[in-house]
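Listed here are the chains, written in short residue letters.
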Number of protein chains: 2
Amino acid sequence: MKKLINDPDRVVLESLAGLALAHPEILRVSFDPVYVVRADAPRPGKVGVISGGGSGHEPMHVGFVGRGMLDAACPGQVFTSPTPDQIEAATRAVDGGAGVLHIIKNYTGDIMNFEMAAELCRAQGITVRAVVINDDVAVEDSLYTAGRRGVGATVLAERLCGAAAERGWALERVEALCRRVNAAARSMGMALTPCTVPAAGRPNFQLGPDEIEMGIGIHGEPGRERTRWRPAREIVARMTETILADLPFERGDRVIAMVNGMGGTPLMELYLVYGELQPLLEARGITVARRLVGNYVTSLEMAGCSITLVKADDEMLSLWDDPVLTPGLRWGA
Amino acid sequence: MKKLINDPDRVVLESLAGLALAHPEILRVSFDPVYVVRADAPRPGKVGVISGGGSGHEPMHVGFVGRGMLDAACPGQVFTSPTPDQIEAATRAVDGGAGVLHIIKNYTGDIMNFEMAAELCRAQGITVRAVVINDDVAVEDSLYTAGRRGVGATVLAERLCGAAAERGWALERVEALCRRVNAAARSMGMALTPCTVPAAGRPNFQLGPDEIEMGIGIHGEPGRERTRWRPAREIVARMTETILADLPFERGDRVIAMVNGMGGTPLMELYLVYGELQPLLEARGITVARRLVGNYVTSLEMAGCSITLVKADDEMLSLWDDPVLTPGLRWGA
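The structure presented is a predicted model; accordingly, all values stated were derived computationally and were not measured.

1. Quick notes on the packing of helix H4 (residues 153–166) of chain A against helix H5 (residues 171–183) of chain A
Residue and element names in this part refer to chain A.
- Running from N to C, H4 and H5 cross one another at 155 degrees; their axes reach a closest spacing of 9 Å. When the axes of H4 and H5 are compared, the pair comes out roughly antiparallel. The two elements H4 and H5 cross, and the hand of that crossing is right-handed. Along the contact surface, H4 presents Ala-157, Leu-160, Cys-161, Ala-164 and Ala-165, while H5 presents Val-174, Leu-177, Cys-178 and Val-181.
- Grouping the amino acids of the contact of H4 with H5 by side-chain chemistry returns 9 nonpolar, no polar and no charged.

What follows is the structure in C-alpha cells.
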C-alpha cells in the first residue's frame, strides 16, 4: 500500500490537523471528541446544520463546513460511522438556540449513532430534527444499509439547507426543505477500480483489467452488475436512464445536476461525462438549471463517477445561488 | 485501459464540449482551432493573459479561464504542445488593444509553438510578451525540457497576473510581475503511481509496489531518485528542504504555498501533507500567508503530490485576494 500517510491509525486525525491549518478563517477542529465546526459557531438564533459519516469521502463532509453549508461535520474513521459522543458534542457546539438539523446518509451505523446523539442532546434541551438521505437508485438493502443508500444528494441537501439556515429559516422549514430535496433526488454510481482503506492495506474489492461495476456503493458495496468496459457514452446513458425512470423525471423538469468523481478520475473525464449527460437530458426535455462537475463525494482513490439529479423548484434554485464559502464549495461569497 | 472516455483520439475535444456546457457563464470553446476563451472576450483596454500546454493537467489551464485569471487557454492533445495556430487564434480573440501576455511552461515544444504564434500575431500588429515559467527544482534538462521544467508556479503566476490585468495594469507591468513571481517560486513533485495517456493505452512508466519517485515531472519524466515508500512526514521534509535551499527562502519570509495533487491522490492525503508542511515552514520562521490545497496541476490519474512556494510581497498578497471566478479556482467573486 502506497499512500501519502504516516500511520494508518492516525490518517484521519493528521488530515484534520492539516485542514485546520489550511482554513482557519472558515473552520476549527475539535480533537476530543473529533468534529469540525464553523469558526464563528454557535450563531445565535440560527438553525445549525450538521452532517457526518465515515472519512475517505472528502470533501464530504468536513470540506463542506462553512458559511452557507454545514455548521459542523463529524468524521468517523475511514468508511466508519462517527460515534454518538462526536455528534453530541458537535450538536452542542452549533446550537444557537434555534435547533439543529442532522442530515444523515442512510447507513445503518450512521443512523444508529445519530439517533443516540439526538437523544442525548434532547435530554439537554436542544431541539434536534433528523433527515435521512437515501437517493441511490442502484440497489435496495446493500452491505451496510437497509433500504437505499445515501450518496450524492447529501451534498445538494447540505448546500440547500445550509443556505436556508443562513437566511434565518426556522428548524421545521429547513427540515421540510431537506425532505423535499431528498424526495426529488436520485443518484447512481459506477467504478473502474477499487480503493484501499489505509487500515486494511489492500483493495476493498477486485475488478478485472477490463471490468467495471455499475451501481457501486461509495464504500465499494456491490452494485447492480459487473460488465466489460463500455464507452463513456453507454455508461452515462445507462446511469441516466435508470435515474430518470425512478423518480420519474419528466419533460419540462428543471434539475440541479452533479457529475461527481470518485477520487481517482481525471477532471478531463468528468467533463467528458458531463458533455454526454446534458444533451441526453435536453433530448428528454429536461433543463439543467445548475450543475456541479468535480470531486465532491469520493471513495479515496477509486476511479469512477456518479450522477445525481435533483428536480428543482424556484426556491431551491434561489437558495443554490446564495453565497457559499467552504473548503470544498465556494461562490458568490 | 479503463477510462471514462469514448475514443482516445477524441478525449480532449469531448471533454472541452462538456466544459463549455458546464460553464457557459464563464467561458466559451472554439473548436477550429481549439481554444477556450472568456465569455466576455475581448475586453477593450485590458491586457490579455493566455497560457496553454498539453491536456491532462486539468484544471490547468482550461479550468483557469475566467475573471481574475486567464483570458484564454490553448489545450494540446494529452501531454502534447498546442499548435501555433491555436495560440495565434486565442491571442487574437483576447486582444483588447492593450497587448497580450503569454505564460509558458518551460517545455521545448511549448516554447517553440508559442514563439511562432507570437511572431504571427506581431505581424498583425498585436503586442505580445512572453514569460517562461521554470520553477521545478528537481532536475535540470529533463526529457522534454532544456533547463528547469515549469510546474506549479504556473497556477500562481496565472492567478496573480490575471488579477493584475483585471485591475487594468499595462502589459509591461503584468509581464514584470510574472517574471517576479517566477523568480520567487520553487516547486517539487513526487509520484506513487504512473498514469496512462489514452492514446498510448499503457502506463507512462513503471513503479514497483513499494517504490516512489521523488522529483517526478508532470508527464512522468524521470525525477531525482527512486526510493522505497516513506512516511508522508519524510517525503514532505525532503521536498520542502530542497525547495527552501534553492531560492533560498529565509527566516521572515512570507509565502503563498500550494500543496497540489497529481490527480489520483485523495484530498484526505493532501490535507495531511499540508499539515506536515506548515509546521516545517513555521519552524524555519517562514509564514504561510496564503495557501491552496487540492488538485490544480494534475497528471491524469497519477497518485502523488507537489509542493510550490512563492516568496510573496504585499502587492502579490493583495492581488491574490482579488476576486477570481473560474471553473477551477474561485473566491470573492
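Here the narrative resumes, following the displayed structure.
2. A look at the environment of Glu-140 of chain A
Residue and element names in this part refer to chain A.
- Within the element layout of this structure, Glu-140 appears in the loop between strand E6 (128–133) and H4.
- Glu-140 sits in the partly exposed class, given a relative accessible area of 49%.
- For the pair formed by Glu-140 and Gly-223, sequence separation is 83 residues and the distance between their alpha carbons is 9.8 Å.
- Setting aside residues no more than four positions away along its own chain, Glu-140 makes contact with Gly-147 and Arg-148.
- Looking at Glu-140, its side chain comes within polar contact range of the side chain of Arg-148, at 3.5 Å.

3. Points about the relation of the copies chain B and chain A
- With an RMSD of 0.0 Å, the fit of chain B onto chain A corresponds to turning through 180 degrees and sliding 0.0 Å along the axis. Expressed as a symmetry operation, the mapping of one chain copy onto the other fits a two-fold axis. It is Gly-264 of chain B whose C-alpha, among those of chain B, lies nearest the rotation axis, at 2.1 Å.

Conventions used here
- The residue count restarts for each chain, going from 1 along the sequence in the order it is written.
- Starting at A for chains and at 1 for ligands, labels are handed out in the order in which the entities are written.
- Per-residue local features are limited, in this predicted model, to residues with pLDDT of at least 70; the limit for side-chain atom pairs, both in listing and counting, is 80 or more; totals at the level of whole chains, interfaces and linings are taken over all residues.
- Calculation of side-chain values draws on the structure's entire complement of heavy atoms; hydrogens and water are dropped beforehand.
- What counts as an axis is a line fitted to C-alpha atoms, over the stretch in contact for a helix, and the angles between N-to-C directions run from 0 to 180 degrees.
- Each helix is a run of H or I in the DSSP string that is no shorter than four residues. Each strand is a run of E no shorter than two, and both are numbered from the N terminus.
- The cut-offs work like this: below 35 degrees is roughly parallel, past 145 is roughly antiparallel, 65 to 115 is roughly perpendicular, and the gaps in between are oblique.
- Crossings are sorted by hand: turned counterclockwise from the far helix by less than a right angle, the near helix makes the crossing left-handed, and turned clockwise it makes it right-handed.
- Between two residues, a contact is recorded if the distance between any of their heavy atoms is within 4.5 Å.
- All amino acids are sorted into three groups, where Ala, Val, Leu, Ile, Met, Phe, Trp, Tyr, Cys and Pro are nonpolar, Asp, Glu, Lys and Arg are charged, and the leftover types, Gly among them, are polar.
- Categorising residues by exposure relies on relative accessible area from a 1.4 Å probe, with only protein chains included: less than 20% of the type maximum marks a residue as buried, more than 50% marks it as exposed, and the intermediate range marks it as partly exposed.
- Distance and chemistry together define a polar contact, namely a pair of N or O atoms within 3.5 Å, with one atom able to donate a hydrogen and the other to accept it when in protein, and with adjacent residues in sequence counting only for side-chain atoms on both sides.
- In this comparison the copies share one frame, found by least squares on the C-alpha atoms of residues holding pLDDT of at least 70 in both.

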